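What the coordinates show
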Amino acid sequence: MVPELARVQEILRGMWVTFRSMFEKPVTIQYPEVKRPVKSRFRGRHVLHRYDNGLEKCIGCSLCAAACPANAIFVEAAENTDEERYSPGERYAATYEINMLRCIYCGFCEDACPTQAITLEDQYELSFSNRADAIYTKEKLLLPVPENGQPTPQKTPPGKFTRSVPKMEDPKD
Ligand code: SF4
Ligand code: SF4
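Residues numbered from 1 in each chain as written. Chains lettered and ligands numbered in written order. Predicted model: local features only at pLDDT ≥ 70, side-chain atom pairs only at ≥ 80, totals over all residues.

A few words now on the pairing of strand S3 (residues 91–99). Pairing between strand S2 (residues 73–79) and S3: seven bridges, direction antiparallel. Counterpart to Ala 78 in the pairing with S3 is Tyr 92. Bridging between S3 and strand S5 (residues 135–137) involves three bridges; their strand directions are antiparallel. Bridge pairing links Glu 97 to Thr 137 in S5. (Pairing = 2+ DSSP bridges. Helix = DSSP H or I, 4+ residues; strand = E, 2+ residues; numbered from the N terminus.)

Around ligand 1, the structure places 13 residues, and the nearest of them are Cys 68, Cys 103, Cys 106, Phe 108 and Cys 109. Residue composition of the shell around ligand 1, grouped by class: twelve nonpolar, one polar and no charged. (Near = placed C-beta within 6 Å. Nonpolar A, V, L, I, M, F, W, Y, C, P; charged D, E, K, R; others polar.)

Take the nonpolar core next. Counting 22 residues, the largest nonpolar core has Cys 58, Cys 64, Ile 73, Cys 109 and Ile 118 as its most contacted members. Of all the secondary structure elements, the ones that give two or more residues to this core are S2 and S3. Per-element tally for this core: the top contributor is S3, with four residues. With near-sequence residues (within four places) excluded, Ile 73 lies in contact with Cys 64, Ala 65, Cys 68, Ile 98 and Cys 109. (Core = buried A, V, L, I, M, F, W, Y, C linked by C-beta atoms within 7 Å. Buried ≥ 20, exposed ≤ 12 C-beta atoms within 10 Å, placed from the backbone. Contact = placed C-beta atoms within 7 Å.)

In structure tokens form, the structure reads like this:
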């Protein structure tokens, strides 16, 4: 074949591929305007949960910190009183911090928690411009008070909460 003819043939073939792709469904996702849903087993940024009455599920037991292979969690517990109650357990987390630069999103903290206080959710947009911003504090992690709940600390009747680890569904005792 004459070399010029072969060249023209190749150009036409390339143009045909381009033309054909104009009618194909685009595969590009217009992130951040469009976000792809994550898989049900995806593990993203942590949250700390509350009960429906507003009390915090975390009882400051530090089991999550003990289970964390990256040493990313710091918990400092304090005692609840009936005058000033944060959780239905004996204690609550006065300080709760996760260093997101250390976290490997393994989910061990979630598995270790006896009250399902901490879970890894579907938030994956994490970025920091300095190291201090990567420390997620309790204030950042704790979910807002539910609609019919009360903020913490709450004043509760004496003897209403007597267990160190509250029952999951019923935090009254
Ligand atoms: S997901 Fe894993 S690495 Fe991250 S805080 Fe929990 S236990 Fe630690
Ligand atoms: S999040 Fe769960 S495991 Fe961690 S301190 Fe709170 S109650 Fe304990």
